[in-house]
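Each chain is listed here by its residues.
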Amino acid sequence: MEALTPWFLLLHVLGAIVAFGPTFAFPIIAAAGGAEPQHGNFALRAIDRVAKRVVWPLALFQGLTGLGLIAAVEIDVSATPWLMLGIAIYIAALAMSYLVTTPNLRRLIELTSAPPPPGASGPPPEVVARVAASKRNGMIQSVLIVVIVLLMVVKPAF
Amino acid sequence: MQGLVPLFLVLHVLGAIVAFGATFAFPWLAGSGAREPEHANFALRAITMVFDRWVFPLALVQGLTGLGLIAGLGIDLLATPWLLLGVTLYAVAVTFVLTVTMPNLRKLIALTATPPPSGAGGPPPEVAARASAARRNRTIQEALIVAIVFLMVMKPG
């Protein structure tokens, strides 16, 4: 099993790049959609598509290669606080994405699928509130990813 | 300088995720635009925006943190073939993106800025050719990124 360590590590690093990297493009794509409301719904659907087809499957795969690494290196997780914390934050990030970020995005897609009623001076209050929530969620998840990477690279002793 | 190695390493790994990882959204964004031609130009402009504001500046920072790591660890670049190859591939990738990928993308944006003439059966031949070139360029870039990560993680030889 130990011989597989470099391969699990390679898949784990590549997985981090391909799974979490696209999420850093989302705020720019969303802002571009916000600046051109006729493309706003498209931008949100494109983000949802990337999340569903790339981010989610590979984020889960990331957990598997992580488990592979733990098994190959024979780490005692319960005796390795930085790893325990990293795994806990990874689970928290997945849970947040599944329970908060994705439902909010899907509701925004639904709300923006039809043009606003004639005479409306701006987006409906629910859209404004959900866009703000979406920005906040994105920031929280970015911070979680940065913290996980920090823990995995620095391996701090507590 | 050696004390800065963990910092450079964190920045280098984060840079790889944030700079190169973001580009893995591009094929899906372009694909969505191709399926909905009324949004195709927007999709291409969004890709360019992500590249100009995010990917390119951070890809350059990636080079700097890489140099920081080399200096911090005191690595002799010329005596480390896998690193020399990785740095070369990085330079090739940056050059390729600047001289081939982005000019092609910007030309595609210009070509799709106005809707096709009424009665057109499909996209103009130049658009089709450049879209196909964009897909090929993407494949080359992804292969370069995977090769660089392979070298940096496996350190062969």
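Scroll up to find the structure this text is about.
Let me begin by describing the structure that accompanies this report. What you see is a predicted model, and the numbers here were worked out from it, not measured in a lab.

**Comments concerning the overall build of chain A**
Along chain A, the regular secondary structure elements total 5 helices and 0 strands. When the helices and strands of chain A are read in sequence order from the N terminus, they spell out α-α-α-α-α. Taken along the three principal axes of its C-alpha coordinates, chain A extends 65 × 30 × 20 Å. Here chain A holds 158 residues, and 32% of them are scored as buried.

**Describing the interface of chain B and chain A**
Contact residues are listed per partner, giving 31 residues for chain B and 31 residues for chain A. Counting residues per element, the ones that place at least two in the side of chain B that touches chain A are helix H1 (5–22), helix H2 (26–35), helix H3 (40–73) and helix H5 (125–154) of chain B. Here the side of chain B that touches chain A gets 11 residues from one element, more than from any other, and that element is H1(B). Per-class residue counts for the side of chain B that touches chain A are 25 nonpolar, 3 polar and 3 charged.

**Here we look at unusual backbone geometry**
Unusually for a residue other than glycine, A:Lys155 sits at a positive phi of about 50°. Relative to the elements of secondary structure, A:Lys155 occurs in the segment after helix H5 (125–154). Non-glycine residue B:Lys155 carries a positive phi angle of around 45°. Of note, B:Lys155 is situated in the segment after H5. Judged by the 12 C-beta atoms lying within 10 Å of it, B:Lys155 is exposed.

**Re the packing of helix H2 (residues 26–35) of chain A against helix H3 (residues 40–73) of chain A**
All names here are of chain A. Interaxial distance between H2 and H3 falls to 7 Å at its minimum, and their mutual angle equals 160°. Here H2 is positioned roughly antiparallel relative to H3, judged by the angle of their axes. Read as a crossing pair, H2 and H3 show a hand that is left-handed. Every residue of H3 that contacts H2 at Phe26, Ile29, Ala30, Ala32, Gly33 and Gly34 is listed here: Gly40, Phe42, Ala43, Leu44, Ala46 and Ile47. Of the residues in the contact of H2 with H3, the class split is 9 nonpolar, 3 polar and no charged.

Conventions and cut-offs
- Residues numbered from 1 in each chain as written.
- Chains lettered and ligands numbered in written order.
- Predicted model: local features only at pLDDT ≥ 70, side-chain atom pairs only at ≥ 80, totals over all residues.
- Helix = DSSP H or I, 4+ residues; strand = E, 2+ residues; numbered from the N terminus.
- Buried ≥ 20, exposed ≤ 12 C-beta atoms within 10 Å, placed from the backbone.
- Contact = placed C-beta atoms within 7 Å.
- Nonpolar A, V, L, I, M, F, W, Y, C, P; charged D, E, K, R; others polar.
- Axes fitted to C-alpha atoms, helices over the stretch in contact; angles between N-to-C directions.
- Parallel < 35°, antiparallel > 145°, perpendicular 65-115°, else oblique.
- Left-handed = near helix turned anticlockwise from the far one by under 90°.

Scope: geometric values only; no functional claims are made or implied.
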